[in-house]
Each structure stands twice: as C-alpha cells, then as structure tokens.
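Results of the structural survey
The primary structure of each chain is shown beneath.
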Amino acid sequence: MNFDVLIPVIRRLALEAGDRILEVYHGPDFDVKSKSDASPVTEADEAADALISAGLRAAFPDVTLITEEQADSHALTASTFLIVDPLDGTKEFVQRRGDFTVNIAYVENGVPLRGVVYAPDKGRLFYTQADGSSVEETGAFDKAIAGPVTPLRVSTPDNAALMVVASKSHRDAATDEYIGKYAVKDMTSAGSSLKFCLIATGEADLYPRLGRTMEWDTAAGDAVLRGAGGHVVRFDDHSPLAYGKAGWDNPFFIALTAGVELKK
C-alpha cells in the first residue's frame with residue numbers, strides 16, 4: 001500500500017461522509033431500523049457507507065474491503081484489508097448526543113497501520129499521516145488540502161491518579177469493578193471511537209472495554225492511538241489486539257497510554 005496515496009483518500013472520504021451524516025442529523029426526523037443483531041441503523045449509516053465504499057473500491061480495487069453495513073463482506077477472510085464503520089455511535093446519533101464518528105482503517109498482516117476518525121458534529125478530525133504518526137487537524141477541513149495539524153502523543157501517566165475514559169452507552173458493573181482496581185483521578189465518558197482518540201491526545205490514560213465490539217468499531221481508533229504511542233491489548237492476556245479474526249469480532253480489550261500498570 002502506498003500510504004502517500006491512501007491517507008488523502010481516506011481523509012477526504014471521511015469528511016465527505018461526515019457532511020452526508022450531518023445532513024441527516026440536522027434535518028427532519030429520520031427513520032431508525034433494527035439490524036439482525038438488534039442494533040440500530042439509519043439512512044445516515046447507509047448513505048455514508050455507500051459513499052465511502054464506492055470511493056475505496058475505486059481507489060484500491062485490489063484490497064479487500066470489510067464494512068459494517070455490508071453483511072456480505074463479513075463472510076470474507078483476510079489479514080490485509082480496508083475496514084469501515086461509516087457511523088460509529090449510532091445510539092449517540094439517534095439520541096442527538098454528538099458523540100459519533102466516521103472510521104476508516106487499513107490493516108496489514110493483522111495490524112491496524114493507518115486510520116482516520118472523524119467526529120463531524122464535534123468538528124474533530126484525527127488520522128495517521130503517511131509516516132504512521134498521528135495528528136489532529138484543525139481548521140476548515142478542506143477536502144482537497146489538509147489544514148494545520150497538531151502532532152498527537154499520549155501522556156505520561158501517573159499510576160496514582162489515572163484519567164479513565166469509558167463508554168457512554170455500554171457501561172456495566174463489570175467495567176466499573178475493573179476500573180475500581182486502579183487509582184483514578186477522574187473519569188469521563190465518551191461515545192464511539194472517540195475514546196481511543198482521547199488517549200491519543202493525552203486527555204485520558206485508560207479505556208477498558210468489557211463488552212462486545214467488532215473490528216470495524218476499533219481499527220481506526222486503534223491505528224490513531226498506536227500512531228500516538230499508545231496500545232490496545234486483549235483484556236485476558238494483555239497481548240496486542242489483532243485484526244482479521246474469524247467473524248470480525250473482538251475479545252474484551254484495554255486501550256492505554258504507555259506506562260499504565262495494568263491490572264488483571
């Protein structure tokens with residue numbers, strides 16, 4: 001993969017998808033349907049998926065494409081692929097809470113090497129550059145030309161006073177019990193893949209997820225966090241979270257800044 005070609009393409013597609021999502025979000029009431037797993041889907045999910053998929057297939061026709069909204073792609077197997085969640089945080093979208101993101105990632109040999117996470121309602125755009133380092137772009141988000149960027153670097157944690165980020169829609173007793181093993185200075189909640197980005201920016205140190213997620217939920221945020229010096233590991237053995245797994249589902253995991261003393 002030529003990353004100098006990849007990054008402008010996925011950045012542009014994320015921004016274009018974000019525009020389409022906001023048209024629905026700020027428009028009149030939209031229909032919410034249920035998928036086979038009972039999760040919600042809206043016309044914004046479907047429109048963003050169609051836009052991104054068409055763009056990726058045109059630019060990279062020989063690369064396997066996995067996307068949440070196309071069930072046929074879930075039957076594919078690959079270790080190197082593009083993976084898309086066109087609207088992560090549909091529950092936040094439906095409730096008009098703003099914490100939803102567009103996610104596009106490139107995985108090579110099971111490792112998410114490059115990715116973009118765009119939160120259109122919050123006006124925050126995170127991505128890996130061609131060299132693998134992660135940035136947050138500010139400005140008007142011109143689709144053709146990248147604007148000013150701030151390099152991202154995880155914080156140096158104080159294990160006696162950790163900043164923890166947890167899910168808005170998926171908090172449970174098991175997660176709270178695990179967080180209770182740490183000395184926590186403060187805790188914030190965020191939706192979708194923004195949790196990875198908050199660690200990448202140094203705004204948080206630790207994000208444990210004791211619940212079901214799919215690879216398209218995590219790959220882009222994982223890539224951004226890795227590019228900022230952070231890690232995503234399995235909950236059970238603290239080995240790096242791998243991609244290209246059968247069925248595309250993830251085990252429980254922990255996203256963290258380097259230096260956090262993990263608990264079992």
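Everything that follows concerns the structure shown earlier in this document.
This section reports on the structure supplied with the text. Since the structure is predicted, the reported quantities are computational estimates derived from the model, not experimental observations.

What counts as what
Residues take numbers from 1 onward in each chain, read along the sequence in its written order. The predicted origin of the model limits local features to residues at a pLDDT of at least 70 and limits the giving and counting of side-chain atom pairs to 80 or more, whereas totals for whole chains, interfaces and linings rest on all residues. Note: side-chain values were computed over all heavy atoms of the structure, leaving out hydrogens and water. Comment: elements are numbered from the N terminus, with helices defined as DSSP H or I runs of at least four residues and strands as E runs of at least two. Multiplying 1.5 Å by the residue count of a helix minus one yields the expected span of that helix. Definition of a polar contact: a pair of N or O atoms within 3.5 Å, with one able to donate and the other able to accept a hydrogen when the atoms are protein atoms, and with sequence-neighbouring residues admitted only if both atoms are side-chain atoms. Paired rings are identified among Phe, Tyr and Trp, the last through its six-membered ring, by centres lying within 6.5 Å, and are further divided according to the angle between planes into stacked (under 30 degrees), edge-to-face (over 60) and tilted (the rest). Only protein chains enter the area calculation, which uses a 1.4 Å probe; residues under 20% of their type maximum are buried, those over 50% are exposed, and those in between are partly exposed. Ring-over charges, as used throughout, are those where CZ of Arg or NZ of Lys falls within 6 Å of the ring centre and within 35 degrees of the ring normal. Nine residue types can take part in a nonpolar core, namely buried Ala, Val, Leu, Ile, Met, Phe, Trp, Tyr and Cys, and a core is a set of them joined through side-chain atoms within 4.5 Å. We call two residues contacting when some pair of their heavy atoms lies within 4.5 Å. Here, a strand pair is defined by DSSP locating no fewer than two bridges between the strands. For helices, the fitted axis covers only the stretch in contact; all axes are lines through C-alpha atoms, and the angles between them, taken along N-to-C directions, range from 0 to 180 degrees. An angle counts as roughly parallel when it lies under 35 degrees, as roughly antiparallel when it exceeds 145, as roughly perpendicular when it falls between 65 and 115, and as oblique in every other case. Note on convention: near helix rotated counterclockwise from far helix by under a right angle means a left-handed crossing. Clockwise means right-handed. Under the scheme applied here, ten amino acids are nonpolar (Ala, Val, Leu, Ile, Met, Phe, Trp, Tyr, Cys and Pro), four are charged (Asp, Glu, Lys and Arg), and all others, including Gly, are polar. Every case where a carboxyl oxygen of Asp or Glu lies within 4 Å of a side-chain nitrogen of Lys or Arg is listed as a salt bridge.

**Here we look at helix H1 (residues 3–25)**
Here H1 is 23 residues long and its end C-alpha atoms lie 32 Å apart, about the 33 Å a rise of 1.5 Å per residue gives. Where H1 begins, one side-chain oxygen reaches toward the backbone nitrogen of Asp4, 2.9 Å away; that side chain belongs to Asn2.

**Describing the packing of aromatic side chains**
Evaluated as defined, the whole model comprises 10 aromatic pairs. Judged by centre distance (5.0 Å) and plane angle (80 degrees), the rings of Phe81 and Trp248 are edge-to-face. Within this pair, whereas Phe81 is found in strand S4 (residues 81–88), its partner Trp248 is found in the loop between strand S14 (231–234) and strand S15 (249–250), the two being separated by 167 residues in sequence. You'll find Phe81 and Trp248 in the same group, each marked buried. Ring centres of Phe196 and Phe253 lie 5.8 Å apart, and the angle between their planes is 20 degrees; this geometry places the pair in the stacked category. Taken together, the residues span a long stretch of sequence, with Phe196 in helix H5 (residues 194–200) and Phe253 in strand S16 (residues 253–256) at a distance of 57 residues. In this structure, Phe196 and Phe253 share a single accessibility class: buried. Taken together, Tyr178, Tyr182, Phe235 and Phe252 form an aromatic cluster joined through their ring pairs. Here the basic side chain of Lys245 rests over the ring of Tyr243, its NZ or CZ set 5.0 Å away from the ring centre.

**Observations concerning the nonpolar core**
One finds Phe81, Ile83, Ile199 and Leu225 to be the most contacted residues of the largest nonpolar core, which totals 34 residues. Elements represented by at least two residues in this core include exactly S4, strand S5 (101–108), strand S6 (111–119), H5, helix H6 (215–227) and S16. When residues of this core are assigned to their parent elements, the largest contribution, 6 residues, is made by H5. Residues contacting Ile83, with those up to four places away along its chain left out, are Ile66, Asn103, Ile104, Ala105, Val107, Glu215, Trp216, Ala219 and Trp248. By size, the runner-up hydrophobic cluster in this structure holds 33 residues, among which are Phe3, Leu6, Leu82 and Val116.

**A short note on unusual backbone geometry**
Non-glycine residue Asn109 carries a positive phi angle of around 50 degrees. Within the chain, His238 stands out as a residue other than glycine whose phi angle is a positive 60 degrees. Turning to its location among the elements, His238 is positioned in the loop between S14 and S15.

**What about the sheet that holds S4?**
Spatially, 7 strands are ordered S3-S4-S5-S6-S7-S8-S9 in an open sheet, and the strand pairing comes out mixed. In the strand order of this sheet, the two ends are held by strand S3 (65–67) and strand S9 (149–151), each with one partner. On average, each strand axis in the sheet is inclined to that of its neighbour by 20 degrees, with strand direction left out of account. With 7 bridges connecting them, S5 and S6 associate as antiparallel partners. Within S6, the position partnered with Val102 by the bridge is Tyr118. This element, helix H2 (residues 43–59), spans S3, S4 and S5 of the sheet and lies at about 155 degrees to S4.

**As for the packing of H1 against H2**
Running from N to C, H1 and H2 point in directions that differ by 160 degrees, and their axes come no closer than 9 Å. In this view, H1 runs roughly antiparallel relative to H2, as classed from their interaxial angle. The handedness of the crossing between H1 and H2 comes out as right-handed. Of the residues in H2, those in contact with Val9, Ile10, Leu13, Glu16, Ala17, Arg20, Ile21 and Val24 of H1 are Glu43, Ala44, Ala47, Ala48, Leu51, Ile52, Gly55, Leu56 and Ala59. A per-class count over the contact of H1 with H2 returns 13 nonpolar, 1 polar and 3 charged.

**Description of the pattern of salt bridges**
Where charged atoms of side chains with opposite charge meet at close range, the side chains can pair. Tallied over the entire structure, the rule returns 11 salt bridges. For Asp237, the salt bridge identified is with Arg234, shortest N-O distance 3.8 Å. For Asp237, a relative accessible area of 45% corresponds to the partly exposed category. Several salt bridges share partner residues, and in doing so they unite Arg124, Glu136 and Glu203 into one network.

**What to know about H6**
Given a rise of 1.5 Å per residue, 13 residues ought to cover 18 Å, and the 18 Å separating the end C-alpha atoms of H6 matches this to within 8%. Of all 13 residues making up H6, 12 are buried, and the element is well covered by its neighbours. Burial in H6 covers these residues: Glu215, Trp216, Asp217, Thr218, Ala219, Ala220, Gly221, Asp222, Ala223, Val224, Leu225 and Gly227. Just downstream of H6, Gly229 is the residue with a positive phi angle, here 95 degrees.

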